[in-house]
Amino acid sequence: MKYVFLLSSKAGEGSFSELEHSIVKCYESNNLKYKIIKTEYKNHASEIVRKYSDCSDVVLYVCSGDGTLNEVVNAMKQTAAKFSVGLIPSGTANDFSKNFDYSNFKIEDTIKPIIDDIDVIRVNDRYCVNVLSFGFDTVILNSVYKLLKKNPKLKANAYPVAVLQNLFKIPKYKLESSTSNGENGEVSLKGYYLLGAICNGGFYGGGFNPSPYANIKDGILELCLAETMPLYKLIPLIFKYKKGAHLSNSLIHFQKLTKGYIKFEKELMVNVDGEIFTTDFLDFEVVPKAFRFAKVCDYRKI
């Protein structure tokens, strides 16, 4: 087995000197083959994936956040990569890592990972590892990026600040959706909504929990839609949404599905694993067992 550690220079933790030291100490003492690579420019991670795509004996650990993991997995799908990919969360929000219990993680755990086949979401012309979302939450995310650009030291604290900045500018979005779970036929919705999240994993936006029962191995997605609502209803719901305690609210529509199509009245901001783009439609489906994941800690307990 060969080990590659991909360190992103743009991830939220900044310096990786401590992590690098831990990797070197662990792998040198165990006489193992390893390589540490730092991304130096845009799409560098994709280039590294192409370099190792035919190497089935390689485990590539993404030592970064959700954005770099998304870039790596998209490149893996494009090249039909044979290697396994793992994650050492070192970004700002690290939302995908919240599907696991990293509380007792140590570098030694990367030596003999458990290889699992996990799902992704195919959406339009790209892939999503964790959560695809649109609406008010993506407006907040855009504000987070602006805040972090001005003050990187805010880190995860940028999320509550961004919520406060946008709380009195509540938007609404007109949409039509048609979804299927492969068993009960199609479900159609039409109306005005505040936000929506299509979930493979359970967490996004700095730890909000739109899908508390998400399972990245079950071949099923969850769609969470929030209707438009006045501020006095939104504020308490935000706290429930953070804890994953929102599903019983009458303004929340939640369904399990395998594929769907959502048409928006006009273009709006959408984010895939924290990467923002604009579109007026979403054509999505689950891709079961999409890539080999090197699991270094247990799945979180539901």
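Residues numbered from 1 in each chain as written. Predicted model: local features only at pLDDT ≥ 70, side-chain atom pairs only at ≥ 80, totals over all residues. Heavy atoms only, no water.

K.L.:
For this particular structure, what's the right way to read the domain arrangement of the protein chain?
P.N.:
Accessible area lost on assembly of the parts is the figure often given for the size of an interface. Each assigned domain of the protein chain is listed with its residue range as follows: domain 1 (2–112) and domain 2 (128–288). A C-alpha centroid distance of 27 Å is found between domain 1 and domain 2. In this assembly, 15 residues from domain 1 lie in contact with 19 residues from domain 2. Summed over the shared surface of domain 1 and domain 2, the number is zero salt bridges. By residue class, the composition of the side of domain 1 that touches domain 2 is five nonpolar, five polar and five charged. (Domains from an automatic or database assignment. Contact = heavy atoms within 4.5 Å. Salt bridge = Lys/Arg side-chain N within 4 Å of Asp/Glu carboxyl O. Nonpolar A, V, L, I, M, F, W, Y, C, P; charged D, E, K, R; others polar.)

K.L.:
Help me understand the side chain of Thr68 in this model?
P.N.:
Residue placement: Thr68 occurs in helix H3 (residues 66–79). Among residues more than four places away in sequence, those in contact with Thr68 are Leu6, Ser8, Ala45 and Val62. (Helix = DSSP H or I, 4+ residues; strand = E, 2+ residues; numbered from the N terminus.)

K.L.:
Any chance you could explain the pairing of strand E9 (residues 186–199) here in plain terms?
P.N.:
Remark: a regular strand shows side chains that alternate across the two faces of the sheet. Pairing geometry for strand E7 (residues 131–135) and E9, over five bridges, is antiparallel. Counted as the bridge partner of Gly135 is Leu195 from E9. Strand direction decides the pairing type here: strand E8 (residues 173–180) and E9, joined by eight bridges, are antiparallel. If you follow Ser177 over to E9, its bridge partner there is Leu189. As paired elements, E9 and strand E10 (residues 221–227) share six bridges and run antiparallel to each other. (Pairing = 2+ DSSP bridges.)

K.L.:
Would you mind showing me how to read the side chain of Ser90 here?
P.N.:
Structurally, the position occupied by Ser90 is in the loop between strand E4 (84–87) and strand E5 (114–123). In terms of polar contacts, Ser90 uses its side chain to reach the backbone carbonyl oxygen of Ile88, at 3.1 Å. (Polar contact = N/O pair within 3.5 Å; in protein donor to acceptor, adjacent residues only side chain to side chain.)

K.L.:
Would you mind going over the pattern of salt bridges with me for this structure?
P.N.:
Side chains that differ in sign of charge can pair as their charged atoms come close. Scanning all chains against the criterion turns up nine salt bridges. The salt bridge partner of Asp109 is Lys106, with a shortest N-O separation of 3.3 Å. Classification of Asp109 by relative accessible area gives partly exposed; the value is 21%. For Lys106, a relative accessible area of 45% puts it in the partly exposed group. Residue Asp280 pairs with Lys263 through a salt bridge whose shortest N-O separation is 3.2 Å. Taken as a pair, Asp280 in strand E13 (residues 275–295) and Lys263 in strand E12 (residues 259–272) lie far apart in primary sequence, 17 residues in all. One connected set of salt bridges, linked through shared partners, spans Arg122, Asp283 and Glu285. (Buried < 20%, exposed > 50% of the residue type's maximum accessible area, 1.4 Å probe, protein only.)

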